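Notes for the structure review
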Amino acid sequence: MTKILTGLSAALMALTLSFGAHAQAEPDAARLSVATEIARVASTEADYRQALDSTMPVVRQMFAASVPGATTEQLDEVVVVMTDILMSTYDDVLAAMANSYAQRFTEAELVELRDFYRTELGQKMISEMPEIMQEMASLGEQLGEAAVSREMARIQAVFAEPAAEDGPADE
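Residues numbered from 1 in each chain as written. Predicted model: local features only at pLDDT ≥ 70, side-chain atom pairs only at ≥ 80, totals over all residues. Heavy atoms only, no water.

**Description of the environment of Arg31**
Note on placement: Arg31 falls in helix 2 (residues 29–42). Sequence separation between Arg31 and Phe105 is 74 residues, and the spatial gap between their C-alpha atoms is 8.2 Å. Not counting the four nearest positions on each side in its chain, Arg31 is found in contact with Ala102, Gln103, Phe105, Thr106, Glu107 and Leu110. Reaching out from Arg31, the side chain makes a polar contact with the backbone oxygen of Phe105 at a distance of 3.2 Å. (Helix = DSSP H or I, 4+ residues; strand = E, 2+ residues; numbered from the N terminus. Contact = heavy atoms within 4.5 Å. Polar contact = N/O pair within 3.5 Å; in protein donor to acceptor, adjacent residues only side chain to side chain.)

And the structure:
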């Protein structure tokens, strides 16, 4: 069950990190410019590192489960390597975030958002957001684990059904 929950957590993390990365129509340059300002103000590189650092225990567990015999030193090193790899995507994540904002808001709305983030309240919102998101991630994980535990019989029932005639999914 731990492997299922760890895999689920990893899948949710991947979905979260890729949110907004699927572009629709290309937004105009003015909207994209303001949206980029917002993305840079709302998500600093330090915030991005903090978010990655909070997910690395799950990544470490995944490697520990999938690489039998891995030493503590190897697991520690893979966390460093994974963090470096993912930190290298910071600019890409900002660009995806800006593109997502630019697709969803008008230029006037983006200017209002940018101006809000420049206010004292906006700055407080930015400074509090990482802790809020960490609390929500922890709560989401707890709620997800509780829901999966509560509904494990339904999950197990899926695998108890006879396999389709086309054979296992791994073929």
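**Examining the packing of helix 2 against helix 6 (residues 107–117)**
Across the interface, helix 2 lies against helix 6 with an axial gap of 9 Å and an inter-helix angle of 25°. One element, helix 2, and the other, helix 6, form an angle in the roughly parallel class. Helix 6 is crossed by helix 2, and the crossing has left-handed handedness. Judged by residue contacts, Ala30, Arg31, Val34, Ala35, Glu37, Ile38 and Val41 of helix 2 engage Glu107, Leu110, Val111, Leu113, Arg114 and Tyr117 from helix 6. In terms of residue class, the contact of helix 2 with helix 6 is made up of nine nonpolar, no polar and four charged. (Axes fitted to C-alpha atoms, helices over the stretch in contact; angles between N-to-C directions. Parallel < 35°, antiparallel > 145°, perpendicular 65-115°, else oblique. Left-handed = near helix turned anticlockwise from the far one by under 90°. Nonpolar A, V, L, I, M, F, W, Y, C, P; charged D, E, K, R; others polar.)

**Considerations on the nonpolar core**
Core analysis: the largest hydrophobic core is formed by 19 residues, its most contacted members being Ala35, Ile38, Ala39, Tyr48, Leu52, Met56 and Leu110. When residues of this core are traced back to their parent elements, those giving at least two are helix 2, helix 3 (45–66), helix 4 (72–87), helix 5 (90–104) and helix 6. No other element matches the five residues that helix 5 contributes to this core. (Core = buried A, V, L, I, M, F, W, Y, C linked by side-chain atoms within 4.5 Å. Buried < 20%, exposed > 50% of the residue type's maximum accessible area, 1.4 Å probe, protein only.)

**Topic: the pattern of salt bridges**
It is possible for side chains of opposite charge to pair when their charged atoms get near one another. Here the structure, examined in full by the defined rule, presents six salt bridges. Of the charged contacts, one joins Arg114 and Asp115 as a salt bridge, the two residues approaching to 3.4 Å between their closest N and O atoms. What makes Asp115 partly exposed here is its relative accessible area of 34%. Residues Glu151 and Arg154 are paired through a salt bridge, measuring 3.6 Å at the closest nitrogen-oxygen approach. For Glu151, a relative accessible area of 32% gives the class partly exposed. (Salt bridge = Lys/Arg side-chain N within 4 Å of Asp/Glu carboxyl O.)

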